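Listed here are the chains, written in short residue letters.
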Amino acid sequence: MAKKLYIETYGCQMNVSDTEVIFSILGKEGYQRTESIGEADVILANTCSVRDNAEQRIYGRIGEFRREKSRPGVIVGIVGCMAERLKDKLLDSHEVDLVVGPDAYRRLPELIEAVSPETPQIDVRLSRDETYADIIPVRTDRSGVSAFISIMRGCNNVCSYCVVPYTRGAERSRNPRTIVREACDVFSKGYREVTLLGQNVDSYFWKDENGTVDFADLLERVAAISGDLRVRFATSHPKDISDKLIETMAAHDNICRHIHLPVQSGSTRLLEKMRRKYTREWYLERVSKIREVMPDCGLTTDVIAGFCSETEEDHRETLSLMEEVGFDWAFMFQYSERPGTLAARNYPDDVPPQEKTRRLNEIIELQNRISRERYGADVGKRFRVLVEGPSKKDPAMLCGRASNNKMCVFPAGNYHKGDYAEVLVKDFTSATLICDIV
Ligand code: SAH
Ligand code: SF4
Ligand code: F3S
């Protein structure tokens, strides 16, 4: 009988894509995907190390996975970013049979095969060229409308707070032909949107005997597949977001008007300490350029509260930058020290926890107000929305995103998932536009 494989995925969208690659690699060996842990022969957690609370949550789950081992032959494994970071600790604890890092998934079949109660298996070697370019992921999204495509792996920036360069290794770009092929493939299967993924998509670069391809060129190639295929991307690093990219977006209606541009802090002093390689002024200039070329472009960001040595004045600068830009939405975090990073080695984590929490709460409160204003400003506008399916809150309504990435809900009319619907915004909440069809 076919072995059953269950995977729980944590962390960023790149991990979700990696889970799809793992299903593909093990699927070829006869493993069947299951969504019920109770019937699984192999249980994997695809893990995230970006903040301590992410890791703590996963530790809790591993404890629960162990209970499944009361069934004979069940294998429990850790893959992804924690595997890389905590290899020895995980194996020494005898809690898991398998520890596999993000660049070693091709070896999963043989490693699983080799596991026995006495011989746990481990491979956390990072690679300089692995991109899984030839592997067609097994899609795990439920909509069948919007697919994510990894275009690169790893990260060459060394933001001082960040663990990703250590868990995922050096940056490498994937062959553009395999990316376009994958996008064509999902389009032919009915998908109408692809999101191109990387830690820093602006530094995508490919060179071979046919010439060079940068990120703007790649976007253009994917957008050329069909006017009915929307293209999104994440994440852009502010230091690398080029005029060429902004102009390429503006030149194609099917490249969505949304940029996720993590700022992290509004204080140039702290940005330098974070090694972000841009200043507050640079960031604001890039935002002006984006708005000048695409006035309707959605902008979202990431913010860290309470990084090492952050003063009240630095914090105020973050608030004022948020106010000045007016982000539609933001992911907001308290600084969490990650062992081994430049910040952990060089700077004391000296903002007291209750102060971090207070600053984060202020940031969240401000963003909620700004989000309400940004969503409110869309009332009366018309959008072309890609229908994703029934709305979660009210299954009688449909939902889908406008080009600027805002979620819209509207009556079904004659529309079905995968259609483009024309809607008129009549009301809003801080995270949704409530619309009529027109
Ligand atoms: N490559 C992306 C971000 C990847 S991690 C970029 O450079 O923008 C996603 C977000 O997690 C980061 O933008 C940052 O806001 C947050 N983050 C990363 N490390 C963190 C840490 N040690 N503590 C708190 N938040 C962190
Ligand atoms: Fe981390 Fe910076 Fe790389 Fe983003 S760009 S993954 S924050 S090191
Ligand atoms: Fe987490 Fe690794 Fe992504 S640390 S955020 S899963 S790259």
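Everything that follows concerns the structure shown earlier in this document.
One structure accompanies this document, and this report is about it.

So, how was this worked out
Residues numbered from 1 in each chain as written. Chains lettered and ligands numbered in written order. Predicted model: local features only at pLDDT ≥ 70, side-chain atom pairs only at ≥ 80, totals over all residues. Heavy atoms only, no water. Helix = DSSP H or I, 4+ residues; strand = E, 2+ residues; numbered from the N terminus. Rg over C-alpha atoms; globule rule 2.2 N^0.38 Å. Buried < 20%, exposed > 50% of the residue type's maximum accessible area, 1.4 Å probe, protein only. Lys, Arg positive; Asp, Glu negative; His and termini not counted. Charge placed at Lys NZ, Arg CZ, Asp CG, Glu CD. Pairing = 2+ DSSP bridges. Axes fitted to C-alpha atoms, helices over the stretch in contact; angles between N-to-C directions. Polar contact = N/O pair within 3.5 Å; in protein donor to acceptor, adjacent residues only side chain to side chain. Expected span 1.5 Å × (residues − 1). Arc of directions from axis to C-beta. Contact = heavy atoms within 4.5 Å. Salt bridge = Lys/Arg side-chain N within 4 Å of Asp/Glu carboxyl O. Near = heavy atom within 4 Å. Areas by Shrake-Rupley, 256 points an atom, 1.4 Å probe, with all protein chains shown as cover. Nonpolar A, V, L, I, M, F, W, Y, C, P; charged D, E, K, R; others polar. Core = buried A, V, L, I, M, F, W, Y, C linked by side-chain atoms within 4.5 Å.

**Focus on the overall build of the protein**
- Of regular secondary structure, the protein possesses 13 helices and 21 strands.
- Computed over the C-alpha atoms, the radius of gyration of the protein is 22 Å, within 12% of the 22 Å expected from 2.2 N^0.38 for a compact globule of 438 residues.
- For the protein, the proportion of its 438 residues judged to be buried stands at 55%.
- Charge centroids of the protein, computed over 62 positive and 68 negative side chains, lie 1 Å from each other.

**Describing the sheet that holds strand E17 (residues 382–390)**
- If you trace the five strands once around the closed barrel, you get E17-E18-E19-E21-E20, paired in mixed fashion. Taking each pair of neighbouring strands and ignoring which way they run, the sheet shows an average axis angle of 50°.
- Inspection of the sheet shows E17 paired to strand E18 (residues 397–401) by four bridges, in the antiparallel sense. Along E18, the bridge assignment pairs Val387 with Gly400.

**Some remarks on the side chain of Thr47**
- Within the secondary structure, Thr47 sits in strand E3 (residues 42–47).
- One polar contact links the side chain of Thr47 to the main-chain amide nitrogen of Met82, over a distance of 3.0 Å.

**A word on helix H2 (residues 52–68)**
- Between its first and last C-alpha atoms H2 spans 26 Å; for 17 residues at 1.5 Å apiece the expected length is 24 Å, and the two agree.
- Taken together, the buried positions of H2 are Ala54, Glu55, Ile58, Ile62, Phe65 and Glu68. Down the axis of H2, the sector holding all buried residues measures 90°, keeping them to one side. Those residues of H2 that are exposed and angled more than 90 degrees off the buried face are Asn53, Arg57 and Arg67.
- Its buried side turned inward, H2 meets strand E1 (4–9), E3, strand E4 (75–80) and helix H3 (81–92).

**Description of the pattern of salt bridges**
- Scanning the model with the defined rule gives 52 salt bridges in all.
- Put simply, Glu182 and Arg139 hold a salt bridge, and the shortest N to O gap is 2.5 Å. Of this pair, Glu182 sits in helix H6 (residues 176–188) while Arg139 is found in the loop between strand E6 (121–123) and strand E7 (146–150), placing the two residues 43 residues apart along the sequence.
- Here Glu182 falls in the buried class, since its relative accessible area comes to 4%.
- The partner of Asp240 in a salt bridge is Lys239, and the shortest N-O contact between them spans 2.9 Å.
- Linked through salt bridges whose partners overlap, the residues forming this network are Glu310, Glu312, Arg316, Glu355, Arg358, Arg359 and Glu362.

**Topic: the site of ligand 1**
- Around ligand 1, the surrounding shell holds 15 residues, and the nearest of these are Gln199, Pro262, Gln264, Asp302 and Ser336.
- Within the side chain of Arg51, a nitrogen or oxygen atom sits 3.0 Å from an oxygen atom of ligand 1.
- Tyr161 places a main-chain nitrogen or oxygen 3.0 Å from a nitrogen atom of ligand 1.
- Protein contacts shield 90% of the accessible area of ligand 1, which totals 540 Å² for the unbound molecule.
- Within the shell around ligand 1, the residues separate by chemical class into six nonpolar, five polar and four charged.

**Here we look at unusual backbone geometry**
- In this model, Ala234 is joined to Thr235 through a cis peptide bond whose omega is 5°.
- In this structure, Tyr132 takes a positive phi of about 55° despite not being glycine.
- Positive phi values are uncommon outside glycine, yet Arg275 reaches one of about 60°.
- When you line up the elements, Arg275 lands in the loop between helix H9 (268–273) and helix H10 (280–293).
- On the basis of relative accessible area, Arg275 is assigned to the partly exposed category, the value being 41%.

**A look at the site of ligand 3**
- With respect to spatial proximity, the complete set of residues near ligand 3 consists of Cys12, Asn15, Thr47, Cys48, Ser49, Val50, Cys81, Val164, Arg168 and Gln199.
- Class assignment of the residues belonging to the shell around ligand 3 gives a composition of five nonpolar, four polar and one charged.

**Some thoughts on H3**
- When the terminal C-alpha atoms of H3 are compared, their 18 Å separation across 12 residues agrees well with the 16 Å that a helix rising 1.5 Å per residue should span.
- Here H3 has its buried residues at Cys81, Met82, Ala83, Glu84, Leu86, Leu90 and Leu91.
- On its buried face, H3 sits against E3, H2, E4, strand E5 (98–100), E6 and helix H5 (164–168).
- Looking one or two residues beyond H3, the residue adopting positive phi is His94, at roughly 60°.

**Observations concerning the nonpolar core**
- One finds Leu196, Phe215 and Ile259 to be the most contacted residues of the largest nonpolar core, which totals 66 residues.
- Residues in contact with Ile259, not counting those within four places in the same chain, are Phe233, Ser236, Ile241, Met249, Ile290, Met294, Cys297, Gly298, Leu299 and Thr300.

**Notes on the sheet that holds strand E16 (residues 329–334)**
- Taken in spatial order, the three strands of this open sheet run E14-E15-E16, and their pairing is parallel. The open sheet terminates on both sides in strands that have one partner only, identified here as strand E14 (258–260) and E16. Shown here is a sheet whose adjacent strand axes are inclined to one another by a mean of 10°, direction ignored.
- The pairing of E14 with strand E15 (residues 298–305) spans three bridges and is parallel. Within the sheet, the bridge partner assigned to His258 lies in E15 and is Gly298.
- Of the strands in this sheet, E15 and E16 touch helix H13 (residues 353–376), which is tilted by about 175° from E16.

Take it as geometry only, folks, not as evidence of what the structure does.
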